[in-house]
Amino acid sequence: MQSTSLLLLRQKEHARTGSPLVRWALIGTALLFLGVFLVVPLVAVFHHAFQKGAGPYLAALQEPEAWSAIRLTVLAALIAVPLNLVFGVASAWLIARFRFPGRDLLITLIDLPFSVSPVIAGLIFVLLFGRQGWLGPWLAEHGISIIFAVPGIVLATLFVTFPFVAREVLPVMQAQGSDEEEAALTLGASGWRTFFTITLPKVKWGVLYGVILCNARAMGEFGAVSVVSGHVRGVTTTLPLHAEILYNEYDFVGAFAVASLLTLLGLVTLAVKKYIEWRAHTP
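Residues numbered from 1 in each chain as written. Predicted model: local features only at pLDDT ≥ 70, side-chain atom pairs only at ≥ 80, totals over all residues. Heavy atoms only, no water.

K.L.:
Explain empty space enclosed by the protein to me, please; I cannot follow it from the model alone.
P.N.:
Overall, the coordinates contain 1 cavity of 30 Å³ or more when judged by the stated rule. Of the volumes computed, that of the largest cavity is approximately 30 Å³. Taken together, Thr73, Ala76, Ile153, Thr157, Ala218, Met219, Glu221, Val225 and Thr238 form the lining of the largest cavity. At the level of elements, helix 4 (64-97), helix 8 (150-161) and helix 12 (204-220) are the ones that each hand at least two residues to the lining of the largest cavity. Of the residues assigned to the lining of the largest cavity, the class counts are 5 nonpolar, 3 polar and 1 charged. (1 Å grid on protein atoms, 1.4 Å probe; cavity = no way out; pocket = protein on both sides within 12 Å on 5 of 7 lines; lining within 4 Å. Points joined across faces, edges and corners; volume = space filled by probe spheres on them. Helix = DSSP H or I, 4+ residues; strand = E, 2+ residues; numbered from the N terminus. Nonpolar A, V, L, I, M, F, W, Y, C, P; charged D, E, K, R; others polar.)

Encoded structure:
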């Protein structure tokens, strides 16, 4: 019996480790995949951006249309991220702590932007708020412009980004449980005080992680924003749209200079994400 157990343990150990050849082959395949699909495109972006030197690179970023795209991108993120933060934390707390009619429907609606193409989402906004849409004539009569204007870009950005905070906070809240909150309420603490002193500190890393992902998606969104923006240069073009316009005009240095800003945003987001994961797992 003892020899049989020892044999089974050795077989399990061998299954976990495998042969060195297989292990190195898998590592090499993973590194090759990352090199081809991640490292090479990153290097290509900065190579083309600085192909003619630092002067043309800086000149491309100092163009008024580039600054307009930067301002609009930051504006959309500054509106979308705080609203999604409030909605995400509130909906995660509601789903994790209560059972109510429509709970499953709320969870499904939160996941909806993950299953709908951003281009289709933008088209839906056009059908709702466009001049020929359901609400278009009423909006036109009252002088309200949503499609091909800044409000449409903000709405599209909100739609594609609102699941991120909720989906990061909800599992953390469910894992933490509600024992401490119930104890605080039993001792006389108000609901708001319980939320801000017990609930929120326990899920702070999930909140920060969700905000970072939400911000990165808000600044890098292309599909839905492209449909509702109208590509009015210098007015309704965000950074991704401005890069596309420059590329279509064969201004490769300008296009890749703008793309390098988004690339740097992605790298910074990744670094902050890893830092938060490290802090979350550090005692």
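K.L.:
Even after reading the chapter, I still don't get the layout of surface pockets, so can you show me in this structure?
P.N.:
A volume near 260 Å³ is recorded for the largest pocket. What lines the largest pocket is Leu85, Val86, Val89, Ala90, Trp93, Gly191, Trp192, Phe195, Leu200 and Val207. Of all the secondary structure elements, the ones that give two or more residues to the lining of the largest pocket are helix 4 and helix 11 (191-202). Per-element tally for the lining of the largest pocket: the top contributor is helix 4, with 5 residues. Residues belonging to the lining of the largest pocket are distributed by class as follows: 9 nonpolar, 1 polar and no charged. There is about 200 Å³ of room inside the second largest pocket. Taken together, Val126, Phe129, Gly130, Arg131, Gly136, Leu139, Ala140, Ile144, Ser145, Ile146, Ile147 and Phe148 make up the lining of the second largest pocket. Breaking the lining of the second largest pocket down by element, the ones donating at least two residues are helix 6 (118-129) and helix 7 (136-141). Examining the composition of the lining of the second largest pocket, we find that 3 residues originate from one element, helix 7, more than from any other. Considering only residue class, the lining of the second largest pocket consists of 8 nonpolar, 3 polar and 1 charged.

K.L.:
What am I meant to see in the packing of aromatic side chains here?
P.N.:
Ring pairs (aromatic) are described by centroid distance and by the angle formed between their planes. Tallied over the full model, the rule gives 15 aromatic pairs. An angle of 20° between the planes, with centres 4.1 Å apart, marks the rings of phenylalanine 50 and tyrosine 57 as stacked. Of the residues examined, phenylalanine 50 reaches a relative accessible area of 38% and is grouped as partly exposed. Arranged with centres 5.2 Å apart and planes meeting at 80°, the rings of phenylalanine 195 and phenylalanine 196 form a pair that is edge-to-face. The exposure class of phenylalanine 195 is buried, given its relative accessible area of 13%. Counting every residue linked through ring pairs, the aromatic cluster contains Phe87, Phe125, Phe129, Phe159 and Phe162. (Phe/Tyr/Trp six-rings, centres within 6.5 Å; stacked < 30°, edge-to-face > 60°. Buried < 20%, exposed > 50% of the residue type's maximum accessible area, 1.4 Å probe, protein only.)

None of this, on its own, says anything about what the molecule does.
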